[in-house]
Structure formats: structure tokens, C-alpha cells
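# A look at the structure
For reference, the chains in residue letters:
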Amino acid sequence: MSLNLLVVDDSAVMRSMIIKTLRLSGVELGELYEAANGLEGLRVLEANHVDLVLVDINMPVMNGEEMIEKMRANPETVFVPVMVVSTDGSAACQEMARRHGAQFVHKPFTPEKMRDMIRGMMGVTNDGIPESRAVSSDGPDF
Amino acid sequence: MMESLKAELFQATALTFEGLAFSFPSAELSEEEAAPLEAAVEVRFQGALSGRLVLAVSGKILRTLTGNMLGEGREITRSLQFDALGELANVTCGNVLGMIGGKDKRCLLDAPRPVELGALTPPAGQKAAAVQVGLDGGRAEVLLVLDRLPAPVTGVTQP
């Protein structure tokens, strides 16, 4: 099962790093989309099928938290899994991610960490075999 | 307190360069690594702690670090080099603030911005720690300036 991913970060270098890490992670990747802020990210989501969003928090124009809030308010994107990728490892930031039904990963991160988190979120075993899609059917924890 | 701050700043810097740029810092500098500094960026922060972190690198290593972060097949422009330096500063800052402030304290980081190398000199009387690390063919210098010292971290987490 290949995944279409959207990476939202205001740093072009960080977006490239995340994509490089994803390629090294062993996760089967489909289309990879990039956006430099939350607003651009929402536009990508409107125009494309995306299986998972990886989003930074501190960004200009529209930050990551606002983007996730808008995703959760939209029936088209309410169940799209989100992973917050941030330098802010505070309990408050992690709680914000949890409140929106998102996972949290702290920068820097390893391919193995990414792989395990994505497989856990998407219900894929270590053999790459899809498990039941209980995660998405439950939806986010509002 | 300042020695502890310095140790945490070194640890955060090493962790960041290893994790983001696949560059393994050392505390000892070779002659080559002592080359003049080339570029600097600053990240200001506020919240539970306030102050600024400045990161500068020497020689030609910024291009190497950027290449390591981007991977193969990308043209390494000057803009991308400053973007990479900014991300290294941003992540170093986030890591060190987490170490000294504890997980229950939140700081908001401003976007990194290029600064003159003179920004590495802390104004007299401010609470600051500075470290330098040897990288392959160059070095990084990091200055952390706090407006006030943090309360000791007790290790007790919020329920």
C-alpha cells in the first residue's frame, strides 16, 4: 500500500529532509506533496488525495495548529491522519497534537522512528501488510 | 548553573548536528576547524524562558551541512544554505530549551534570521553560555543568552 503524503514546513531544507527520511524509512511512498505553510497545505488537500499530513507548528501565514483545526472542521479532511513534526517538545505542544487526534514527533528524528509512527498510524504491520483500518474509522480525539 | 547550561548547550548542539546534518561534533578543534566564521543566524524566543540563540559556522562547512540535509540531486544555493543554518539553529534552540526548562514549560521561537558575526558576543552582564564544536573541516559556535535564569527542573511532570 503506497501512501500519498503532504509535508508542510516553511523551511525548504526541512521539507527535503523529511522527504529524504521518509524515503529511507522503508515506508512505501506514492505521491509526495509539499507546502510552505498551513494555507498552502489546505489548498493541496483540496486538490489531491492525501493519506497522511506531516506538519510543522511555527510557520508564517497559517501555522500548523490552525491548519489542523481547519482540517478537522472540514468533512473532506476530518479523518486524514496528521503527524505534528516540531522542535517544540513541550507538554503543551504534545497535548495540542493529541487534542486534534494527531501524533507528535520531535525534531530531529530517525527513519526508524518515522517508519514506526507511520505504520502505527496507518495500521500497517512491519511486513507492510495493511491491518484493519480501526485508526481512521475511530477518527480524531476531539 | 552556567556550567550546567554550557553542558546542555553542547549536548543539544551535538544532537542536532548529528540528527539533522549527519555531522558528528567533537569538543577538540583541529587547525582546519579553527577557520574563521562565515555565517550566523539568530533565533529569538519568549514564553517560559526568553532570550536568543546565535549559531555561526566556519569555513566551507555550511555547503557540506546543507548538502547532507538535502540529500543528492539538489542545487545548493546560498538561500538554501541559510535556510539549513536557520533550521539547525531552530532545532538546537528547541532542544536546549527543553533541556533547561523542562517539558512542562513552553517557549515560542521566532523564525531564524541572518545576523552579523558580532551577535556572537554577549552583552556584558547577561546570563549566557557559549560552546564551540569541531565539525568535519570546520566548526560551529553557539551562544545562548537568557533574559533570566530558569528555575531548577525537578523532574516532576504535570498529571
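Report follows, based on the coordinates. (Residues numbered from 1 in each chain as written. Chains lettered and ligands numbered in written order. Predicted model: local features only at pLDDT ≥ 70, side-chain atom pairs only at ≥ 80, totals over all residues. Heavy atoms only, no water.)

## Description of the environment of F104(A)
All names here are of chain A. Heads up, the condition is: By definition, any uninterrupted DSSP run of H or I lasting at least four residues is a helix, any uninterrupted run of E lasting at least two residues is a strand, and each is numbered from the N terminus. Exposure categories follow from relative accessible area, calculated using a 1.4 Å probe and restricted to protein chains: below 20% of the type maximum is buried, above 50% is exposed, and the middle band is partly exposed. Note on contacts: a residue pair is in contact if any heavy atoms of the two residues lie within 4.5 Å.
Locating F104 in the fold gives a position in strand β5 (residues 103-106). On the accessibility criterion, F104 (15% relative accessible area) is buried. Separated by 21 residues in sequence, F104 and M83 have C-alpha atoms that sit 5.6 Å apart. Once you skip the residues sitting within four places of it in the chain, F104 turns out to touch V84, S86, D88, G89, C93, Q94, A97 and M117.

## Topic: the sheet that holds β5(A)
Residue and element names in this part refer to chain A. Test applied: DSSP-based pairing: two strands are paired if at least 2 bridges between them are found. To get an axis, fit a line to the C-alpha atoms, keeping to the stretch in contact for a helix; angles then go from 0 to 180 degrees between the N-to-C directions.
Pairing within the open sheet is parallel, and its five strands lie in the order β2-β1-β3-β4-β5. Of all the strands in the sheet, the pair left with one neighbour each is β2 (29-35) and β5. For this sheet the average axis-to-axis angle between neighbouring strands, irrespective of direction, equals 20 degrees.

## Notes on the pattern of salt bridges
Threshold: Salt-bridge detection follows one rule: a side-chain nitrogen of Lys or Arg within 4 Å of a carboxyl oxygen of Asp or Glu.
By the definition in use, this model includes 13 salt bridges over all chains. Between R99(A) and E65(A) there is a salt bridge, and its shortest N-O distance comes to 3.4 Å. Of the two residues, R99(A) is situated in helix α4 (residues 91-99) and E65(A) in helix α3 (residues 64-73); the sequence distance between them amounts to 34 residues. Residue class for R99(A) comes out partly exposed when judged on its relative accessible area of 36%. With a shortest N-O distance of 3.1 Å, E42(B) and R44(B) are connected by a salt bridge. Residue classification places E42(B) among the buried positions, given a relative accessible area of 3%. Residue R44(B) is classed as partly exposed on the basis of its relative accessible area of 38%.

## Structural notes on the pairing of strand β4 (residues 82-86) of chain A
Residues and elements named next belong to chain A. Going by this rule: Clockwise travel from the first strand over the helix to the second, with the strands pointing away from the viewer, marks a crossover as right-handed.
Within β4, five of the five residues are buried, which leaves it mostly tucked inside the rest of the structure. Of the two faces of β4, the one carrying V82, V84 and S86 and the one carrying M83 and V85 are both buried. Relative to β4, strand β3 (residues 52-55) is paired through three bridges, and the arrangement is parallel. Residue V55 lies in a different strand from β4, and its bridge partner there is V84. The handedness of the β3 to β4 crossover, carried by α3, is right-handed. Taken together, the four bridges between β4 and β5 define a ladder with parallel strand orientation. The partner of M83 across the bridge, within β5, is Q103. Considered for its hand, the β-α-β crossover made up of β4, α4 and β5 is right-handed.

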